[in-house]
Amino acid sequence: MFAVIKTGGKQYRVAANDLLKIEKVEGQVGDIVEIGHVLAHGEGENVTFGAPFVDGALVTAEVVEQGKNRTVIAFKKRRRQNSRRKIGHRQLLTTVRIAEILLDGAKPTKKTAAKTEAKAAPKKEAKAEAAPKEAEAKATETAAPLFKAPKGEPDDLTVIKGIGPVAAGQLNEQGITTFVQIAKLSDKDVAKIDEHMPFSADQIMDWREQAKELAKK
């Protein structure tokens, strides 16, 4: 059996145990996520299409890895205007393995099985016991903001060219709220943002130069 699903604005033809990369979905490695936007399903020549989605159809997938795509560079130059702009973007991706294709409102079973398996698994060594705690500590560290937001009213970061409302919201969530703060970012801070957020180092350094001018006003 196969299904055609829609996620992240894209469509994929999938079957059980297929491995694919989709735009980021929330979840830790090993979690089961549900994709309810099923456009069609079928087996052989017998295919059912939705309008636009199939009622009661659901696809579940196991999160295999969270990562980023390669950096895509957008370069714009205006002739005789002394205007150049280079912006990079790294799309967050999630690698998933298709677990089940469910029809007619059927409930997923893989989530329960995964939890039972995890509880039944024996602890072999002391290192194996410490590994989940280390992973949990890393997850907590990743969830914390990258920077401490300064006191006072935040600046409108969308004034900086290249920062839209979505990017501004993401920066605010990580504690970056003012022009002065962006202007004072060190190269180490730039590398930190590049590693944990969907912005390239070149993009951040461009924002830093613009913020220096805005911070003077």
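Source: prediction; values computed, not measured.

Each value, and the rule that gives it
- Numbering of residues begins from 1 in every chain and follows the order in which that chain's sequence is written.
- Reporting in this predicted model follows two pLDDT cut-offs: at least 70 for local features of residues, and 80 or more for side-chain atom pairs to be given and counted; totals over whole chains, interfaces and linings ignore these cut-offs and use all residues.
- Only hydrogens and water are set aside; all other atoms, that is, all heavy atoms of the structure, feed into the side-chain values.
- The predictor's confidence in any single residue is recorded as pLDDT, a number from 0 to 100.
- The criterion used for residue contact is that any of the two residues' heavy atoms lie within 4.5 Å.
- The term salt bridge refers to a side-chain nitrogen of Lys or Arg lying within 4 Å of a carboxyl oxygen of Asp or Glu.
- The way it works is that DSSP assigns letters per residue, a run of H or I at least four long becomes a helix, a run of E at least two long becomes a strand, and they are numbered from the N terminus.
- Patch membership is restricted to residues that have no salt bridge and whose relative accessible area is over 30%. Joining uses 9 Å for like charges and 5 Å for the nonpolar side chains Val, Leu, Ile, Met, Phe, Trp and Tyr.
- Note on areas: Shrake-Rupley with a 1.4 Å probe; residue coverage comes only from the protein chains shown.
- When charges are counted, Lys and Arg contribute as positive and Asp and Glu as negative, whereas His and the chain ends are disregarded.
- The location of each charge is read from NZ of Lys, CZ of Arg, CG of Asp or CD of Glu.
- Each residue is assigned to one of three classes by its accessible area relative to the maximum for its type, calculated with a 1.4 Å probe on protein chains only: buried under 20%, partly exposed between the two thresholds, exposed over 50%.
- The criterion for an aromatic pair is that two Phe, Tyr or Trp rings (for Trp, the six-membered ring) have centres within 6.5 Å, with stacked assigned to planes under 30 degrees apart, edge-to-face to planes over 60 apart and tilted to the rest.
- Between any two strands, pairing holds if DSSP finds at least two bridges.
- For a helix, the expected span equals 1.5 Å multiplied by the number of residues minus one.
- Angles shown run from 0 to 180 degrees and are taken between the N-to-C directions of axes, each axis being a line fitted to C-alpha atoms and, for helices, limited to the stretch in contact.
- We define a nonpolar core as any set of buried Ala, Val, Leu, Ile, Met, Phe, Trp, Tyr and Cys residues linked to one another through side-chain atoms lying within 4.5 Å.

Student: How should the confidence of the model for the protein be read in this particular structure?
Tutor: Reading fine detail from the predicted coordinates is not recommended where pLDDT is low. Looking at the protein as a whole, the pLDDT averages 83, with 84% of positions reaching at least 70. Note on residues 112-120: pLDDT under 50 across the span, and 0 contacts to partners over four residues away in sequence or across chains.

Student: Sorry if this is basic, but what is going on with the pattern of salt bridges here?
Tutor: Any two side chains of opposite charge can pair if their charged atoms end up close together. Counting across every chain of the model gives 7 salt bridges. For D194, the salt bridge is made with R90, and the minimal N-O distance between the two is 3.9 Å. Linking D194 in helix α5 (residues 187-196) with R90 in the loop between β9 (83-89) and β10 (92-102), this pair joins segments that are 104 residues apart in sequence.

Student: Looking at this model, I keep getting lost on a positive patch on the surface. Mind explaining?
Tutor: Positive charge collects at one region of the surface, where K77, R79, R80 and R84 lie side by side. Within the fold, R80 resides in the loop between β8 (72-78) and β9. For R80, a relative accessible area of 71% corresponds to the exposed category.

Student: Would you explain the packing of aromatic side chains in this entry?
Tutor: Each aromatic ring pair is specified by the distance between its two centres and by the angle formed by the two planes. In the structure shown here, the tally under the stated rule is 1 aromatic pair. Between F199 and W207, the ring centres sit 5.1 Å apart and the planes meet at 65°, which makes this aromatic pair edge-to-face. Of the residues examined, F199 reaches a relative accessible area of 5% and is grouped as buried. The exposure class of W207 is buried, given its relative accessible area of 3%.

Student: What's the story with the pairing of β9 in this structure? I'm lost.
Tutor: Side-chain direction in a regular strand flips from residue to residue, so the side chains alternate between the two faces of the sheet. Pairing between β8 and β9: 7 bridges, direction antiparallel. Across the sheet, the residue bridging to I73 is G88, located in β9. Hairpin connection of β8 to β9: 4 residues between the antiparallel strands, including R80 at a positive phi of 60°.

Student: I keep staring at helix α6 (residues 201-216) and nothing clicks. Help me out?
Tutor: The α-helix advances 3.6 residues per turn, and as a result positions three or four apart in sequence lie on the same side. Between its first and last C-alpha atoms α6 spans 23 Å; for 16 residues at 1.5 Å apiece the expected length is 22 Å, and the two agree. If you follow the buried residues of α6, they end up packed against β9, α3 (165-173), α4 (179-183) and α5.

Student: Mind showing me how you'd approach the sheet that holds strand β1 (residues 2-7) here?
Tutor: Sheet strands pair by backbone hydrogen bonding; their relative direction is either parallel or antiparallel. Spatially, β2-β1-β5-β6 is the arrangement adopted by the 4 strands of the open sheet, whose pairing is antiparallel. Strands with a single pairing partner mark the edges of an open sheet, and in this sheet they are β2 (10-15) and β6 (46-49). Direction aside, the axes of adjacent strands within the sheet are offset by 20° on average. Here strand β5 (residues 38-43) pairs with β6 via 4 bridges, running antiparallel. By the bridge assignment, H41 is partnered in β6 with T48.

Student: Sorry if this is basic, but what is going on with the nonpolar core here?
Tutor: It is characteristic of soluble globular proteins that their nonpolar side chains tend to be buried jointly. Formed by 21 residues in total, the largest nonpolar core has its most connected members in I160, I163, L171, I182, I193 and F199. Breaking this core down by element, the ones donating at least two residues are α3, α4, α5 and α6. In terms of residue count, the dominant contributor to this core is α6 (4 residues). Setting aside residues no more than four positions away along its own chain, I163 makes contact with L157, T158, A168, L171 and W207. Counting 17 residues, the second largest nonpolar core, distinct from the first, contains V14, L20, V59 and I101.

Student: Where do I start with the pairing of β2 in this structure?
Tutor: Of the strand pairs in this sheet, β1 and β2 are connected by 6 bridges, and their pairing is antiparallel. By the bridge assignment for β2, K6 is matched with Q11. Between the antiparallel neighbours β1 and β2 lie 2 residues, among them G8 with a positive phi of about 65°.

Student: Explain the sheet that holds strand β7 (residues 58-68) to me, please; I cannot follow it from the model alone.
Tutor: One open sheet accounts for 4 strands, arranged β3-β10-β7-β4; its pairing is antiparallel. Each of the sheet's edge strands pairs with one partner strand only, and the pair in question is β3 (19-23) and β4 (32-35). Adjacent strand axes in the sheet meet at a mean angle of 45°, parallel and antiparallel pairs treated alike. The pairing of β7 with β10 spans 10 bridges and is antiparallel. What sits directly across from L58, in β10, is L102.

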